[in-house]
Amino acid sequence: MSIERTLSILKPDATRRNITGKIITKFEENGLRVVAQKRIRLTKAQAEAFYEVHKERPFYASLVESMIAAPVVVQVLEGENAVAKNREIMGATNPAAADEGTIRKEFAESVEANSVHGSDSLENAEKEIAFFFAQTEIVG
């Protein structure tokens, strides 16, 4: 097991409903530590750049629009196998298919308004963390 860092975003549907604390508690209770965090309002250009990997997909435009609809909380989570652990805690993208006790099962409104984003690999975690945070902002 190795200590890793991963990016986590609490999406606009979570900030709008004021459930960010409940979601963060889920991460912490499952062994991940928040080592960097900030609440921001993404610009359209930022959301487009961040989700550029999905640019050719049919949901890209609506994803960008949903991510700029309200503030988000971006954070760096740290812990043993943080990337996989974060994805396990989040649950399946489709809340109907998510396991009981996962964030998306408990809090998501829909496939798109699914409350959280998490890096899908260690390589992407490094890129995504660097997109939002300077190294000096990450305090272990």
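Chemist: Help me get a handle on the environment of Glu100, residues and values and all.
Modeler: Position of Glu100 relative to the elements: it lies in the loop between helix H5 (82–90) and helix H6 (103–107). Judged by its relative accessible area of 68%, Glu100 is exposed.

Chemist: Tell me about helix H2 (residues 20–29), and name the residues and values.
Modeler: Thr20, Ile23, Ile24, Lys26 and Phe27 are the residues of H2 that are buried. Burial along H2 is one-sided: seen end-on, the buried residues are contained in an arc of 150°. Exposed and oriented more than 90 degrees from the buried face of H2 are Lys22 and Glu29. Just past H2, the residue Gly31 takes up positive phi, approximately 95°.

Chemist: So what's going on with unusual backbone geometry? Which residues, and what values?
Modeler: At Asn18, a residue that is not glycine, the phi angle is positive and equals roughly 60°. You can see Asn18 is positioned in the loop between helix H1 (12–16) and H2. Despite not being glycine, Asn81 has its phi angle at roughly 45°, a positive value. For Asn81, the location among the structural elements is in the loop between strand S3 (72–80) and H5.

Chemist: Describe the sheet that holds strand S1 (residues 3–10), listing the residues and the values that go with them.
Modeler: For sheets, the rule is that strands pair by backbone hydrogen bonds, running either parallel or antiparallel. Within the open sheet, the four strands sit side by side as S2-S3-S1-S4. Their pairing is antiparallel. In this open sheet, the two edge strands, each paired with only one partner strand, are strand S2 (33–40) and strand S4 (116–118). Sheet twist, expressed as the mean angle between neighbouring strand axes with direction ignored, is 20°. Sheet strands touched by H5: S1, S3 and S4. Its angle to S1, the strand with the most contacts, is close to 35°.

Chemist: Account for the environment of Tyr60, with residues named and values stated.
Modeler: Position of Tyr60 relative to the elements: it lies in helix H4 (residues 60–67). As a C-alpha pair, Tyr60 and Ala47 span 13 residues in sequence and 10.0 Å in three-dimensional space. Among all residues touching Tyr60, those that are not within four sequence positions of it are Glu48, Tyr51, Glu52, His54 and Lys55. Polar contacts involving the side chain of Tyr60 include one to the main-chain carbonyl oxygen of Glu48, which spans 3.1 Å.

Chemist: Just give me the short version of helix H7 (residues 122–132), but keep the residues and values in it.
Modeler: Among the residues making up H7, those that are buried are Ala125, Glu128, Ile129 and Phe132. Buried residues of H7, seen end-on, are gathered within an arc of 100° and therefore sit on one face of the element. Of the exposed residues in H7, those oriented more than 90 degrees away from the buried face are Glu123, Glu126, Lys127 and Ala130. Packing partners of the buried residues in H7 comprise S1, S2, helix H3 (44–50), S3, H5 and S4.

Reading the values: rules and limits
- Residues numbered from 1 in each chain as written.
- Predicted model: local features only at pLDDT ≥ 70, side-chain atom pairs only at ≥ 80, totals over all residues.
- Heavy atoms only, no water.
- Helix = DSSP H or I, 4+ residues; strand = E, 2+ residues; numbered from the N terminus.
- Buried < 20%, exposed > 50% of the residue type's maximum accessible area, 1.4 Å probe, protein only.
- Arc of directions from axis to C-beta.
- Pairing = 2+ DSSP bridges.
- Axes fitted to C-alpha atoms, helices over the stretch in contact; angles between N-to-C directions.
- Contact = heavy atoms within 4.5 Å.
- Polar contact = N/O pair within 3.5 Å; in protein donor to acceptor, adjacent residues only side chain to side chain.

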